[in-house]
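Structure assessment
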Amino acid sequence: MIVNLCLDILLVLFIIATAYILFQKRNWRFGLVVKNGETIVQDGMQGLATTLGRLKTNDVHFKEITVARKQGMVTYRPKKKSIEYLNLKNGRTQETTGEVIGGEEVTFSLPTNDFETCLTYLPLLLGEAFIAVSGAAMYRLTGQLAVLGPYLFLLIYNLAFTLIRSDHLPVIEEIMTILLTFYIEATLYPGLNGGDFQSCLVSAYVGVGLYLFFSVLARLFLSLNLNRFLGKQTLWDYFRKLAALLILIISILNIALADEIMGAYNWITLFGIQFQPSEMVKILLLVVLVIPDQRLFGERKSSFLFFGISAYCFLYALIIGDSGLLVQLGVIFVLAILIQCSRLLLSLVAIGLSVVAVLILPSLSSTAFSRIQGWLGSNASIWKSLTGAGSFENFTTYGYQSVHALVAAFTNGGLLGNQSFDVLKNITAANSDLVMALISQRHGSIMLVLLLGLLILLILAVMQNVRQQFKLNQTLSALSLAAVFCAIVLNVGGTFSIIPLTGVVNPAVSAGISASISYGTMFGIMAHTSVSKAYWKDIQKWEEVSDEIY
Amino acid sequence: MPKINRMKILCGLLVLIMCAGIILVLLVPVFHADEMKSYYQDFIHHDILNTAHIVDRNGQDIYNGDYAESKLTRLATFHLIGDDYDSIPTSVLAELYANTSEGNLFQGYQSQSEEIRLTIDLDLQEAAYEALVDGGYAGTVFVADYQTGEILCMVSTPSVDVKETSENIQEGAYLNKALQTYAPGSTFKAISVACLLEKGIDPDDLGSYYCDGKDGHISCTQRHGRVNLKQALYKSCNCAISYYVEKYLTADDLDQFVRSLGILDADLIAGTTINEGTIDSSDDLAWTADGQSKTLMSPVGLASFYAALANDGVYQQFSLIQGQQTTADALISQSTVDYLKEALTTGMRVWYRSPIDCRSFGKTGTAELDSGKSHAWFACCLDDEEAPSYVIVTMLEKAGSSSKAMNLAADLINDHILTKEASS
């Protein structure tokens, strides 16, 4: 109980300190200051690139009819330490500090950094302390020194990115590693309950390793100039097509080889290891759905890939019977349209189709139908179902897992947790689908609320982080955030009976190796910045250049 | 709208959804608190059943996460251990559950898998059960150490095999007869005599009484002739005992004395609540003195009095679990103890012709029922240096003659208790 209290205190302090620093950073001007006759100062939130054109989706909007819908894009190149202007009419890029657009003179100047805080390292210290205490507690519980290994990986990961990041503020990295401490616990859970502990320990090492590896890999990948043209297409265009091809291959293999588990054909066993191919499909679809910056949404080739692959993925999710996957893909699809498409009609059609899909889903999938029926119960009001009435009514059938989860999380766990009595001991998927209930049981409902609060912090941190990203990466970040958030809502909501159970796992918390690839990549995307520490060393020199421009 | 503004709106929506979700998650336990508590109690109950480890005084498993493999053990210990449905409220499992804390706001129930070592001797328990079943009796055998209070045997028939749910359950199977109350019959006479003596009556001053088999509405099974108080006791002369009691005591005297002994109380076994006995001599003091009328007493209650007799007047509270805290109460004076022990020891030798192969004292009793049948009682204490310090009470429902209860107890003592003592 004392350990749980310590962890609660550390996490509260971490959230408060990080939230305060993010609040302080909100006025941090990182980006272009654009002058256009009268001073128009961008708040820097548009990131490392600023788009100009007649379309209202551009960062700087022009009304003059002679200006193209997408006239151009001004980009910081941190590696080259230059400002580049890409003229989208003729596709040429040049280093410049100004352009005449629509008869107006537009000048580009350098970012300023007026952010100073002595608290910069506080989130790191608190986050590392949390990980260290968690590791020590696990060592005390198991008596095995080897359990400290995964925790050590997390500590090193945070330290490394503190040094690498220009702002020394690895908030998203810290959030991911804090969640991964619970991932380690969830993975070791069967071993703690009398199962094969060594096997669980190996899984913990592999899982944490994969999460960290793929998050780093994602960042390395995004460090490339993905908007560089190779012939008529950008590098990103090629990656989109590759992702689409991989989706086709993976889905066919899944359908051909999968074993049926709980009504879904979602698992493949290869060399004795079970994994879910659909987790890979999520991240690949994300790649397909992000249109390169300079492309117009609606161009034939981009649209075919966008809508065609999306429809194929929905069909794939239906065939394998994974309603949770279908919902996640649907959310990513709708948000991809809403963020990138300037056509209101198309956006409304996308939303409408999604609503229709949700309504007809029960008739297409018997598993989904029975789950929705179980969740609804015989209640006349949806409010009662939203607060778990259906699960309690159907305790012996649909509600069996959820009721156990609720009792474990609140009645057994109390405020500070209970590791002496395990209500979830013989409950299926206790450390994956119901992992939040397991955490609340072992650490208390205070920790549960704090973890959910941590996710709110993640949202705010991602919004701050996009300032240090290119447009394409911003969209990737937003969609990754949406995918992660959707998974969390489906997982937590299903566990605690707010929504029907979907069997979706919790990113970076639920045990399992398959999800580590996709969610590790997504966290890496969200945490990536295109600005390195080296950039800031020259900021003073650039400010001098900026003064010359003005 | 610029892309970045759309992202800001998206993030704002996500934050709102998250906040709403947190509120809903916290509302669910508020709306379903009672149901969750009820399910939690069930889960705790199952955990106790799965983790309880109960052994006898010698470490033999009686229950270890599941009932014993041996049917005899299950039957013999059913009323001690209980079942999954708390059919026996006084059983060890039921008491374990009743004494378990569900935890508090900060932390829930703390599961423990400690070994519970009973004071019971499983071999003796099974032998007593077999003796009851072989005789076709519905009744109870209660054996305890009167110096330490440890219960060595508490068996009741008919019993239930918890693993054979298809078998027919006999009437009364769910009752632990050792804890139920019955008219004590002539075994109560020792208590009536104790009351006389504790009141300050000198037995030498009482003289003798001539029993011709009937005195008013009181009758004896035979004519006992001239008897003194001691003889009246061990010969079980209803007329003499009731005569003396009516002459020297009032109804209140007897009632208050019996209640003051505490042998009708519900806490005779530490940590367990048994049925309370009753006494009301106001209607018929005479028959009450002889252990009939409205007097109801449990075999455990009767054993507590006889145990006190053997233990120099001090009743050491009975206990079922080793290490339990118990109390000791002085019930009667040494002079009363000496008188009663001498009377009952003489009775064992002279009247019952020494059915037990060691020095002992005891009393039979036949409690007549309105139906014409009788409960057979026998209460005795082993009072020999070569024998363990045990009090034994047997009660056979509607068995008729008290000699059946005495013979059953004697066989058990001679064949099991004394044999085991000799071999050790």
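What counts, and at which threshold
- Residues numbered from 1 in each chain as written.
- Chains lettered and ligands numbered in written order.
- Predicted model: local features only at pLDDT ≥ 70, side-chain atom pairs only at ≥ 80, totals over all residues.
- Heavy atoms only, no water.
- Patch = residues over 30% accessible without salt bridge, like charges linked within 9 Å, V, L, I, M, F, W, Y side chains within 5 Å.
- Areas by Shrake-Rupley, 256 points an atom, 1.4 Å probe, with all protein chains shown as cover.
- Salt bridge = Lys/Arg side-chain N within 4 Å of Asp/Glu carboxyl O.
- Lys, Arg positive; Asp, Glu negative; His and termini not counted.
- Charge placed at Lys NZ, Arg CZ, Asp CG, Glu CD.
- Helix = DSSP H or I, 4+ residues; strand = E, 2+ residues; numbered from the N terminus.
- Buried < 20%, exposed > 50% of the residue type's maximum accessible area, 1.4 Å probe, protein only.
- Phe/Tyr/Trp six-rings, centres within 6.5 Å; stacked < 30°, edge-to-face > 60°.

All names here are of chain B. Side chains of Asp265, Asp267, Glu276 and Asp329 sit close together on the surface and give a patch of like negative charge. Counting through the fold element by element, Asp267 comes out in the loop between α10 (251-261) and α11 (285-289). With relative accessibility at 47%, the residue Asp267 sits in the partly exposed group.

Next up on the list: the packing of aromatic side chains. All chains considered together, the criterion is met by 24 aromatic pairs over all chains. For the ring pair Phe153 of chain A and Tyr205 of chain A, a centre distance of 5.8 Å and an interplane angle of 80° mean the geometry is edge-to-face. Remark: Tyr205 of chain A occurs in helix α5 (residues 197-222) and Phe153 of chain A occurs in helix α3 (residues 148-164); sequence separation between them is 52 residues. When its relative accessible area of 35% is taken as the criterion, Phe153 of chain A is described as partly exposed. Aromatic pair Phe392 of chain A and Tyr39 of chain B: ring centres 6.2 Å apart, planes at 35°, arrangement tilted. Taken together, the positions of Phe392 of chain A in helix α13 (residues 389-393) and Tyr39 of chain B in helix α2 (residues 33-51) put the pair across two chains. Residue Tyr39 of chain B is classed as buried on the basis of its relative accessible area, which comes to 17%.

This part covers the environment of Tyr315 of chain B. All names here are of chain B. Looking at where Tyr315 falls in the secondary structure, it is placed in strand β10 (residues 314-316). The class for Tyr315 is buried, based on a relative accessible area of 5%. Once the C-alpha coordinates of Tyr315 and Leu331 are considered, the two residues, 16 residues apart in sequence, prove to be 6.5 Å apart.

Moving on, we come to the pattern of salt bridges. Residue and element names in this part refer to chain B. For the structure shown, the criterion picks out 16 salt bridges over all chains. The salt bridge involving Lys230 is made with Glu342; its shortest N-O contact spans 3.0 Å. Here Lys230 is found in helix α8 (residues 229-235), whereas its partner Glu342 is found in helix α13 (residues 334-351), with 112 residues between them in sequence. Judged by its relative accessible area of 17%, Lys230 is buried. A salt bridge links Asp283 to Lys294; its shortest N-O distance comes to 2.4 Å. Of this pair, Asp283 sits in the loop between α10 and α11 while Lys294 sits in the loop between α11 and α12 (299-310); the two residues are eleven residues apart in sequence, bridging distant segments of the chain. Residue Lys294 is classed as partly exposed on the basis of its relative accessible area, which comes to 39%. In this structure, a network of salt bridges that share partners links the residues Lys71, Arg74 and Asp161.

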